[in-house]
Amino acid sequence: QVRLVESGGESVQAGGSLRLSCAASGRTFSSIAMGWFRQAPGKEREFVAAINWSGSSTYYSDSVKGRFTISRDNAKNTVYLQMNSLKPEDTAVYYCAAGFERFWGLRSPSSYDSWGQGTQVTVSS
């Protein structure tokens, strides 16, 4: 099991930027894939971005591609989500997750075994 703690969520105006962090502990961080998901009120949790264990492959949802960047620092056991050009529709609770590249792929929640508690991002127009 991996313990995950997100930080960096806050309220910003549209067009602004935020960087979310997710600190991991409990397992060799460099061997696991990491993902970010989000859930807006009244909606299902949706995939945002993912990165494989080495950082050589990244994946994004169409809604954030070109605006968000996922990265990882294996020396610090931390994964980041840089969010630029934020829109009101990006408002959600953002969760990081740890897992492995399985049959479903890193875009599926089924590939993840551990989840953080979430951090709120609110974008006002």
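Cut-offs applied
- Every chain is numbered on its own, with residues counted from 1 as its sequence reads.
- Since the coordinates come from a predicted model, pLDDT governs what is reported: local features require at least 70, and pairs of side-chain atoms require 80 or more to be given and counted, while whole-chain, interface and lining totals use all residues.
- Computation of side-chain values covers all heavy atoms of the structure but excludes hydrogens and water.
- The rule for a salt bridge is simple: a side-chain nitrogen of Lys or Arg has to be within 4 Å of a carboxyl oxygen of Asp or Glu.
- A run of DSSP states H or I qualifies as a helix once it reaches four residues; a run of E qualifies as a strand once it reaches two. Both are numbered from the N-terminal end.
- Relative accessibility decides the category of a residue: with a 1.4 Å probe and only protein chains considered, values under 20% of the type maximum give buried, values over 50% give exposed, and everything between is partly exposed.
- When the sulfur atoms of two cysteines come within 2.5 Å, that pair is taken as a disulfide.
- Paired strands, in this sense, are two strands between which DSSP finds at least two bridges.
- Fitting a line to C-alpha atoms yields each axis, with helices limited to the stretch in contact; the angle taken between N-to-C directions then spans 0 to 180 degrees.
- Pairs were defined over the aromatic rings of Phe, Tyr and Trp, the Trp ring being its six-membered one, requiring ring centres within 6.5 Å. Orientation was assigned from the angle between planes: stacked under 30 degrees, edge-to-face over 60, tilted for the rest.
- Our definition puts a charge over a ring when NZ of Lys or CZ of Arg is within 6 Å of the ring centre and also within 35 degrees of the ring normal.
- Pairs of residues are marked as contacts when any of their non-hydrogen atoms sit within 4.5 Å.

Peer 1: Please give an account of the pattern of salt bridges that cites residues and values.
Peer 2: Where charged atoms from two side chains of opposite charge come close, those side chains can pair. Considering all chains together, one arrives at 5 salt bridges under this definition. In this structure, Glu46 and Arg38 form a salt bridge, with 2.6 Å as the shortest nitrogen-oxygen distance. Among the salt bridges present, the one from Arg67 reaches Asp90, with a minimum N-O distance of 2.8 Å. On the criterion of sequence distance, the pair formed by Arg67 in the loop between β6 (58-60) and β7 (68-73) and Asp90 in the loop between β8 (78-83) and β9 (92-99) is long-range, its members being 23 residues apart. The two residues Arg67 and Asp90 agree in class, both being buried. Counted as one network, the salt bridges with shared partners bring together Arg38, Glu46, Arg67 and Asp90.

Peer 1: Please provide a residue-by-residue account of the state of the cysteines, values included.
Peer 2: Following the criterion strictly, the structure yields 1 disulfide and no others. With its sulfur 1.9 Å from that of its partner, Cys22 forms a disulfide with Cys96. Its S-S torsion of approximately 45° makes the covalent link between Cys22 and Cys96 right-handed. Of this pair, Cys22 sits in strand β3 (residues 18-25) while Cys96 sits in strand β9, placing them 74 residues apart in sequence.

Peer 1: Go over the sheet that holds β7, please, and point to the residues and values.
Peer 2: Pairing is antiparallel across the open sheet formed by 4 strands, whose spatial order is β1-β3-β8-β7. Looking at strand neighbours, the two that pair on one side only are β1 (3-7) and β7, the edges of this open sheet. When the angles between neighbouring strand axes are averaged without regard to direction, this sheet yields 15°. Relative to β8, β7 is paired through 6 bridges, and the arrangement is antiparallel. Considered in β8, the bridge of Asp73 is made with Thr78.

Peer 1: Explain the packing of aromatic side chains to me, using residue names and the numbers behind them.
Peer 2: For the structure on display, the rule yields 5 aromatic pairs. Between Phe37 and Phe47, the ring centres sit 5.7 Å apart and the planes meet at 75°, which makes this aromatic pair edge-to-face. Residue Phe37 is found in strand β4 (residues 33-39), and its partner Phe47 is found in strand β5 (residues 46-51); the two are separated by 10 residues along the sequence. This pair shows no difference in class: Phe37 is buried, exactly as Phe47 is. Positioned above the aromatic ring of Trp115 is the side chain of Arg45, whose terminal nitrogen or guanidinium carbon lies 4.9 Å from the ring centre. Of note, Arg72 hangs over the ring of Phe29, and the distance from its end group to the ring centre comes to 4.4 Å.

Peer 1: Account for the environment of Gly35, naming residues and giving values.
Peer 2: Topologically, Gly35 is positioned in strand β4. Each C-alpha atom, one on Gly35 and one on Cys22, is 9.9 Å from the other, the two residues being 13 residues apart in sequence. Apart from the residues within four sequence positions on either side, Gly35 is in contact with Ala49, Ala50, Tyr95, Cys96, Ala97 and Tyr112.

Peer 1: Explain unusual backbone geometry to me, and be specific about the residues and the numbers.
Peer 2: Of note, Asn77 is a non-glycine position whose phi angle comes to about 55°, a positive value. Position of Asn77 among the secondary structure elements: in the loop between β7 and β8. In this structure, Ser85 takes a positive phi of about 50° despite not being glycine. The topology assignment puts Ser85 in the loop between β8 and β9.

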